[in-house]
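Structural overview for review
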Amino acid sequence: MSNQCPCGSGLELSKCCSPYISGEAQAPTAEALMRSRYTAYVLKELDYLKATLAPEALKDHDDASVRQWAESAEWLGLTIHDTWAGQEGDEAGIVEFSAKYAIDGEEQDHRERSRFHFLDGKWLYVDGQMVAGPPIRKEPKIGRNEPCPCGSGKKYKKCCGR
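So, how was this worked out
Residues numbered from 1 in each chain as written. Predicted model: local features only at pLDDT ≥ 70, side-chain atom pairs only at ≥ 80, totals over all residues. Heavy atoms only, no water. UniProt positions renumbered as here; feature names shortened; annotations may be inferred. Helix = DSSP H or I, 4+ residues; strand = E, 2+ residues; numbered from the N terminus. Rg over C-alpha atoms; globule rule 2.2 N^0.38 Å. Contact = heavy atoms within 4.5 Å. Areas by Shrake-Rupley, 256 points an atom, 1.4 Å probe, with all protein chains shown as cover. Lys, Arg positive; Asp, Glu negative; His and termini not counted. Charge placed at Lys NZ, Arg CZ, Asp CG, Glu CD. Core = buried A, V, L, I, M, F, W, Y, C linked by side-chain atoms within 4.5 Å. Buried < 20%, exposed > 50% of the residue type's maximum accessible area, 1.4 Å probe, protein only. 1 Å grid on protein atoms, 1.4 Å probe; cavity = no way out; pocket = protein on both sides within 12 Å on 5 of 7 lines; lining within 4 Å. Points joined across faces, edges and corners; volume = space filled by probe spheres on them. Pairing = 2+ DSSP bridges. Axes fitted to C-alpha atoms, helices over the stretch in contact; angles between N-to-C directions.

The name given to the protein in an unreviewed UniProt entry is UPF0225 protein BerOc1_02693, and the organism recorded there is Pseudodesulfovibrio hydrargyri. Per UniProt, the protein has the following entry under Sequence similarities (unreviewed entry): "Belongs to the UPF0225 family."

Structure representation (structure tokens):
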């Protein structure tokens, strides 16, 4: 196994998420906690995933479901899209991310906007909301001055582009 941390930070695991997962240190920001939770899924450190849940999130936690997802997925990468607050000194933060994984060879992209609270000296995951990614255009965009694709011979802006 590579020494590089699965969270995509570019750092060695021992200098990135491992100290948080092992309990040697607390994640200093909401993003660091998000990265370490992804790494915990990759490493199947399920106790850490449960330990980093806010009290209100523990009500809906299902050990068996988390175990099944962690063990059945091949984790392919984490992308952090944006963060709002969640720094040292903040009480709350939001991290929007995508986690790529494959189950039975079919690739998936889980995009979520997660909320975190700083409680009793540590960051905790509260909940997440699924986020749709940017729209995917399947056809090339038609310029206003290009011929209309309907075949009329007119410019697009004078035909179907009205």
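For the rest of this paragraph, the subject is the overall build of the protein. The helix and strand inventory of the protein stands at five helices and four strands. Helices and strands appear in the protein in the N-to-C order α-α-α-α-α-β-β-β-β. Compactness check: the protein gives a C-alpha radius of gyration of 21 Å against a globular reference of 15 Å for 162 residues, more than 25% above the reference. Projected onto the principal axes, the alpha-carbon positions of the protein cover approximately 70 × 40 × 35 Å. Within the protein, contacts between residues separated by at least 24 positions form 40% of all contacts whose residues are at least 6 apart in sequence. Total accessible area on the protein is roughly 10,300 Å²; 47% of this is exposed by carbon and sulfur atoms. Side chains of the protein give 21 positive and 25 negative charges; the mean places of these two sets differ by 16 Å.

Another aspect to go through is the nonpolar core. Within the largest apolar cluster, 33 residues are counted, with the highest numbers of intra-cluster contacts made by Cys17, Trp75 and Phe116. Secondary-structure elements contributing two or more residues to this core are α1 (18–22), α2 (30–43), α3 (46–51), α5 (63–72), β1 (74–85), β2 (92–103) and β4 (122–130). Top contributing element to this core by residue count: α2, with eight residues. Apart from the residues lying within four places of it in its own chain, the contact partners of Trp75 are Tyr38, Tyr41, Val42, Trp69, Ala70, Lys100 and Tyr101.

Turning our attention to the layout of surface pockets. Roughly 490 Å³ of internal volume is contained in the largest pocket. Surrounding the largest pocket, 23 residues form its lining, Arg37, Tyr41, Leu53, Glu112 and Tyr125 being those nearest its centre. Looking at the lining of the largest pocket, the elements with two or more residues in it are α2, α4 (55–58), α5, β2, β3 (106–119) and β4.

Looking now at the sheet that holds β4. Overall, antiparallel pairing links the four strands, which are arranged β1-β2-β3-β4 in an open sheet. Here the strands that pair on one side only, and so sit at the sheet edges, are β1 and β4. The average angle at which neighbouring strand axes cross in this sheet is 30°, direction not considered. In this sheet, β2 lies alongside β1 in antiparallel orientation, the contact comprising 10 bridges. Residue pairing in the sheet places Glu74 in a bridge with Ala102 of β2. The sheet contacts of α2 involve β1, β2, β3 and β4, and relative to β1 the element is tilted by about 170°. Its contacts with the sheet put α5 on β1, β2 and β3, and the angle it makes with β2 is roughly 55°.

Further remarks concern the UniProt feature "domain: YchJ-like middle NTF2-like" (unreviewed entry) in the protein. The UniProt entry lists residues 29–128 under the feature "domain: YchJ-like middle NTF2-like" (unreviewed entry), expressed in the numbering used here. The span residues 29–128 is 34% helix and 45% strand, and its two end C-alpha atoms sit 17 Å from each other.

As a further point, take the pairing of β4. Sheet analysis places β3 next to β4, joined by eight bridges and oriented antiparallel. Paired with His117 across the strands is Leu124, a residue of β4. Linking β3 to β4, which pair antiparallel, is a turn of two residues; within it Asp120 sits at a positive phi near 50°.

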